[in-house]
Amino acid sequence: MSFVQFLGWLQESYPIAQLRAANHLVIEVTEVLHVLGLVTFLAALLLVNLRLLNIGLRRQASPLVASAVAPLVWGGLTLTVLTGTILFLSGPVRYFYNSAFVPKMILLALALVVQFTLYRKATTSAQPKPLFAGASAVLSLSLWFSVGLFGRAIGYV
């Protein structure tokens, strides 16, 4: 069974068929929650990255800023991933063939790797090296905003 055949089987499975047959508001509310999660996540991430870039919140240590917004970062990311999974399951074959979907997933994987490695190291160090902190922030912001951009493109390609 190929990957596309697996997605076709998944798409026609009973739970996913029920999801597609549900009231259209279910998917629309899921889309709104997906965007809300992403905006919450990106806003909190932006605060920390501005601190790492030494552009904002200069009086606060990076670990303090990171720990203060951590509930928003993790809550927003969790909401985004959960709702994104539901949206994907509503039409896995359609998403797989969308030319913006695969790049989004690749960027998402890269962004998560950066989030759990470089970004974590930069935000837990009391005095991160400025070049490392800045590079981590620019890479983090670039990847996450690219994920959002390609996600938005899914509706148009």
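Bear in mind that the values here come from a model prediction, so they are computed numbers and not experimental data.

About the criteria used
Residues numbered from 1 in each chain as written. Predicted model: local features only at pLDDT ≥ 70, side-chain atom pairs only at ≥ 80, totals over all residues. Heavy atoms only, no water. Axes fitted to C-alpha atoms, helices over the stretch in contact; angles between N-to-C directions. Helix = DSSP H or I, 4+ residues; strand = E, 2+ residues; numbered from the N terminus. Parallel < 35°, antiparallel > 145°, perpendicular 65-115°, else oblique. Left-handed = near helix turned anticlockwise from the far one by under 90°. Contact = heavy atoms within 4.5 Å. Nonpolar A, V, L, I, M, F, W, Y, C, P; charged D, E, K, R; others polar. Core = buried A, V, L, I, M, F, W, Y, C linked by side-chain atoms within 4.5 Å. Buried < 20%, exposed > 50% of the residue type's maximum accessible area, 1.4 Å probe, protein only. Salt bridge = Lys/Arg side-chain N within 4 Å of Asp/Glu carboxyl O. Expected span 1.5 Å × (residues − 1).

**Some words on the packing of helix α4 (residues 62-89) against helix α6 (residues 101-124)**
Stage number 1. Between α4 and α6, whose axes approach to 13 Å, the crossing angle comes to 160°. On the basis of their axis angle, the class for α4 and α6 is roughly antiparallel. Judged by the twist between their axes, the crossing of α4 over α6 is left-handed. Within the contact between the two elements, α4 uses Ser62, Pro63, Ala66, Val73, Trp74, Leu77 and Phe88 and α6 uses Phe101, Leu112, Gln115, Phe116, Arg120, Ala122, Thr123 and Thr124.
Stage number 2. Among the residues forming the contact of α4 with α6, the class breakdown is ten nonpolar, four polar and one charged.

**Quick word on the environment of alanine 22**
Stage number 1. Among the structural elements, alanine 22 can be located in the loop between α2 (14-21) and α3 (24-52).
Stage number 2. A sequence separation of 78 residues divides alanine 22 from alanine 100, and the C-alpha atoms of the two residues are 26 Å apart.

**Comments concerning the nonpolar core**
Stage number 1. With 23 residues, the main nonpolar core has Phe41, Val48, Leu52, Trp144 and Val147 as its most contacted residues.
Stage number 2. Secondary structure elements with two or more residues in this core: α3, α4, α6 and α7 (130-153).
Stage number 3. By residue number, the principal contributor to this core is α3, which donates seven residues.
Stage number 4. In contact with phenylalanine 41, not counting residues within four places along its chain, are Leu72, Val73, Gly76, Leu77, Gln115 and Trp144.
Stage number 5. Counting seven residues, the second-largest nonpolar core is a separate cluster that includes Leu7, Ala100, Phe101 and Ile154.

**Here we look at the pattern of salt bridges**
Stage number 1. Counted under the stated rule, the structure contains one salt bridge.
Stage number 2. Residues glutamate 12 and arginine 20 are paired through a salt bridge, measuring 3.7 Å at the closest nitrogen-oxygen approach.
Stage number 3. Judged by its relative accessible area of 54%, glutamate 12 falls in the exposed class.
Stage number 4. Taking the relative accessible area as the measure of exposure, arginine 20 reaches 35% and is therefore partly exposed.

**Description of the side chain of asparagine 49**
Stage number 1. If you trace the backbone, asparagine 49 turns up in helix α3.
Stage number 2. Not counting chain neighbours up to four residues away, the residues in contact with asparagine 49 comprise Tyr119, Ala137, Ser140 and Leu141.

**So, α7**
Stage number 1. Here α7 spans 34 Å end to end across 24 residues, near enough to the 34 Å set by a 1.5 Å rise per residue.
Stage number 2. If you check which residues of α7 are buried, you get Ala133, Gly134, Ser136, Ala137, Ser140, Leu141, Leu143, Trp144 and Val147.
Stage number 3. Looking at the buried residues of α7, the elements they touch are α3, α4 and α6.

**Some words on the environment of alanine 109**
Stage number 1. Of note, alanine 109 is situated in helix α6.
Stage number 2. Along the backbone, alanine 109 and leucine 143 are 34 residues apart, and their C-alpha atoms lie at a distance of 9.5 Å.

**What about the side chain of serine 140?**
Stage number 1. Among the secondary structure elements, serine 140 is positioned in helix α7.
Stage number 2. What makes serine 140 buried here is its relative accessible area of 1%.
Stage number 3. With near-sequence residues (within four places) excluded, serine 140 lies in contact with Leu45, Asn49, Val114, Gln115 and Tyr119.

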